[in-house]
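Listed here are the chains, written in short residue letters.
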Amino acid sequence: MSSLPDTDYRNLLLTRDGSAARIVLNRPEKRNALSLELMEEVIAALRDASARRDTRAIVIEGAGPAFSAGHDLSEMIGREREFLGQLFDRCSVMMQTIHEIPQPVIAKVHGIATAAGCQLVAACDLAIAAEGTRFATPGVKIGLFCSTPMVPVSRAVGRKRAMQMLLTGEPIDAATALDWGLINRVVPREELEPAVLELVQAVARSSAYTVATGKHAFYSQIDRTEDEAYEHCEQVMTDNALAHDAQEGMTAFLEKRAPVWRGE
């Protein structure tokens, strides 16, 4: 694993691991609480990693005993409306950047993922968690409802389950998070890294162009009506079918050989 060039981050590590870029939230003493500075750095790191042509996937993980405990409450006490508005705006931009970049973003989760940390897991395209991980949106217990975490969490787990998490603030375990659709897989702690690598490799085997096309189409169609979604995806699939990699992939399949991707 090696550091990516031209990076100067105070609160995270940005490294390369084969075809994946790794963003490691690096405030272990604060359970990787999402300060304004850290969120700005995550946004920059996502864009930096995405801009590299050889990046096929981006993994987000946490240093120390937790993935992320959510917002850094210590910087939210006694602040003006302008600061708090900026804080939540940058959090939203961070989540939206995950959807906007072409590469799949994978959450590698252990320990706890609570409040905005749970939001970050829900916003990632894919998520794998270690056994024993707990997920929660506990803001209601301290008088600050998890309204922005509610956006991706409710889209991942559905209304009734999201409301249970939001209204009670009680945590769910990894098995429940899997059953509810918040994460994709649960593995023993010692198998977490191999499971993430397996997922990265599965993504990297396909055309980068095709993966990016599909990811963008997924988020473009998901909240449309069925008719609008079909209309949109018909156009996407037509354009995709004309692309080099689709023509190469179909030809290679018929010729019973491995495709040679050009990423276009």
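Residues numbered from 1 in each chain as written. Predicted model: local features only at pLDDT ≥ 70, side-chain atom pairs only at ≥ 80, totals over all residues. Heavy atoms only, no water.

J.: Help me out: how do you make sense of a nonpolar patch on the surface in this one?
T.: A contiguous nonpolar surface patch, about 310 Å² in accessible area, is contributed by V140, F145, M163 and L167. Relative to the elements of secondary structure, V140 occurs in the loop between strand 8 (134-136) and helix 4 (147-157). Here V140 falls in the partly exposed class, since its relative accessible area comes to 31%. (Patch = residues over 30% accessible without salt bridge, like charges linked within 9 Å, V, L, I, M, F, W, Y side chains within 5 Å. Areas by Shrake-Rupley, 256 points an atom, 1.4 Å probe, with all protein chains shown as cover. Salt bridge = Lys/Arg side-chain N within 4 Å of Asp/Glu carboxyl O. Helix = DSSP H or I, 4+ residues; strand = E, 2+ residues; numbered from the N terminus. Buried < 20%, exposed > 50% of the residue type's maximum accessible area, 1.4 Å probe, protein only.)

J.: How should I be thinking about helix 2 (residues 81-100) in this particular structure?
T.: Within an α-helix, residues lying three or four positions from one another point in the same direction, as the helix has 3.6 residues per turn. Taking 1.5 Å as the rise per residue, helix 2 with 20 residues should run 28 Å; its terminal C-alpha atoms sit 28 Å apart, in good agreement. For helix 2, the set of buried residues is F83, L87, R90, C91, V93, M94, M95, T97 and I98. Buried positions along helix 2 lie against helix 1 (36-51), strand 4 (57-62), strand 5 (105-109), helix 3 (116-123) and helix 8 (208-221). (Expected span 1.5 Å × (residues − 1). Contact = heavy atoms within 4.5 Å.)

J.: Would you mind going over the state of the cysteines with me for this structure?
T.: Here, the word disulfide means a covalent bond between the sulfur atoms of two cysteines. All chains considered together, the criterion is met by zero disulfides. Sulfur of C124: no disulfide; nearest cysteine sulfur belongs to C118 and is 11 Å away. Residue C146 stays outside any disulfide, its sulfur separated by 8.3 Å from that of C118, the closest cysteine. Owing to a relative accessible area of 7%, C146 belongs among the buried residues under this scheme. (Disulfide = S-S within 2.5 Å.)

J.: Teacher, can you tell me more about the pairing of strand 7 (residues 126-130) here?
T.: Regular strands show a simple pattern: their side chains alternate between the two faces of the sheet. With four of five residues buried, strand 7 lies mostly within the body of the structure. Strand direction decides the pairing type here: strand 5 and strand 7, joined by four bridges, are parallel. Each bridged residue has a counterpart across the sheet, and for A107 the counterpart in strand 7 is A127. As paired strands, strand 7 and strand 10 (residues 185-187) are joined by three bridges and run parallel to one another. Looking at the pairing, I128 lines up with R185 of strand 10. (Pairing = 2+ DSSP bridges.)

J.: Explanation requested: the packing of aromatic side chains in the structure shown.
T.: What describes a pair of aromatic rings is the distance from one ring centre to the other and the angle between the planes of the rings. A full pass over the atoms with the stated rule returns one aromatic pair. A ring pair is formed by F218 and Y219, whose centres lie 5.1 Å apart and whose planes are at 90°; its orientation type is edge-to-face. Cation over ring: R79 sits above F83, and NZ or CZ is 3.7 Å from the ring centre. (Phe/Tyr/Trp six-rings, centres within 6.5 Å; stacked < 30°, edge-to-face > 60°. Lys NZ or Arg CZ within 6 Å of the ring centre and 35° of its normal.)

J.: Help me understand the sheet that holds strand 8, please; the structure alone is not making it clear to me.
T.: Across a sheet, strands are paired by hydrogen bonds formed along the backbone, either parallel or antiparallel in direction. Strand order in the open sheet made by the three strands is 6-8-9, with mixed pairing throughout. With one partner strand each, in any of the chains shown, strand 6 (112-114) and strand 9 (172-173) form the two edges of the open sheet. Of the strand pairs in this sheet, strand 6 and strand 8 are connected by three bridges, and their pairing is parallel. Within strand 8, the residue paired with T114 across the bridge is A136. Against the sheet, helix 3 contacts strand 6 and strand 8, and its axis sits at roughly 95° relative to strand 6. (Axes fitted to C-alpha atoms, helices over the stretch in contact; angles between N-to-C directions.)

Coordinates in, geometry out; function isn't part of it.
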